[in-house]
Amino acid sequence: MIKLYHGSNVEIEEGMTQSKRIEFLKLALTNELVGILVEERGCSIEEAFSLLYRSRTYARLSDPNTLLYTQSSGYVYSLLEDELGVSLTGK
């Protein structure tokens, strides 16, 4: 087993194919990001998924060429927070 990233509780099985590993990492990050959104913004789980799925950050996370799925949830959340801050304030 391999840790998702340092400090993560998510472990990856070593026998996974590359495409399954990418999908697994994306789903793990998605779950962590939703949890952070619920905690930080006080929104419901449904609202958190909606915010995330409609974001450019999620589009980048879904593109395997960006390698964003290899980053920590804290880093990806900071990108999302910057994006949402801009879209919520209209800047």
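Everything in this summary refers to the structure shown in the same document. Because the structure is predicted, anything quoted here is derived from the model rather than measured. (Residues numbered from 1 in each chain as written. Predicted model: local features only at pLDDT ≥ 70, side-chain atom pairs only at ≥ 80, totals over all residues. Heavy atoms only, no water.)

### So, the overall build of the protein
Here's step 1: Summing up its helical and strand segments, the protein has four helices and two strands in all.
Here's step 2: Along the protein, from the amino end to the carboxyl end, the secondary structure elements read β-β-α-α-α-α.
Here's step 3: When the 91 residues of the protein are sorted by exposure, 34% land in the buried category.
Here's step 4: Long-range contacts, defined as pairs at least 24 residues apart, comprise 46% of the intrachain contacts of the protein with a sequence gap of at least 6.
Here's step 5: Per element, the accessible surface of the protein, about 5800 Å² overall, is 52% carbon and sulfur. (Helix = DSSP H or I, 4+ residues; strand = E, 2+ residues; numbered from the N terminus. Buried < 20%, exposed > 50% of the residue type's maximum accessible area, 1.4 Å probe, protein only. Contact = heavy atoms within 4.5 Å. Areas by Shrake-Rupley, 256 points an atom, 1.4 Å probe, with all protein chains shown as cover.)

### Topic: the environment of E23
Here's step 1: By the element assignment, E23 lies in helix α1 (residues 18-41).
Here's step 2: Given the relative accessible area of 37%, E23 is considered partly exposed.
Here's step 3: Considered as a pair, E23 and Y69 are 46 residues apart in the sequence and their alpha carbons are 8.7 Å apart.

### Section: helix α2 (residues 45-53)
Here's step 1: Listing the buried residues of α2 in full gives A48, L51 and L52. Across the axial projection of α2, the buried residues extend over an arc of 95°, all falling on one side. (Arc of directions from axis to C-beta.)

### Some words on the nonpolar core
Here's step 1: Of all hydrophobic cores here, the largest spans 19 residues; its most connected members are L33, L37, L52, L61 and L80.
Here's step 2: Elements supplying a minimum of two residues to this core: α1, α2, α3 (56-62) and α4 (73-89).
Here's step 3: Setting aside its immediate chain neighbours within four residues, L37 contacts G42, C43, A48, L52, Y77, L80 and L84. (Core = buried A, V, L, I, M, F, W, Y, C linked by side-chain atoms within 4.5 Å.)

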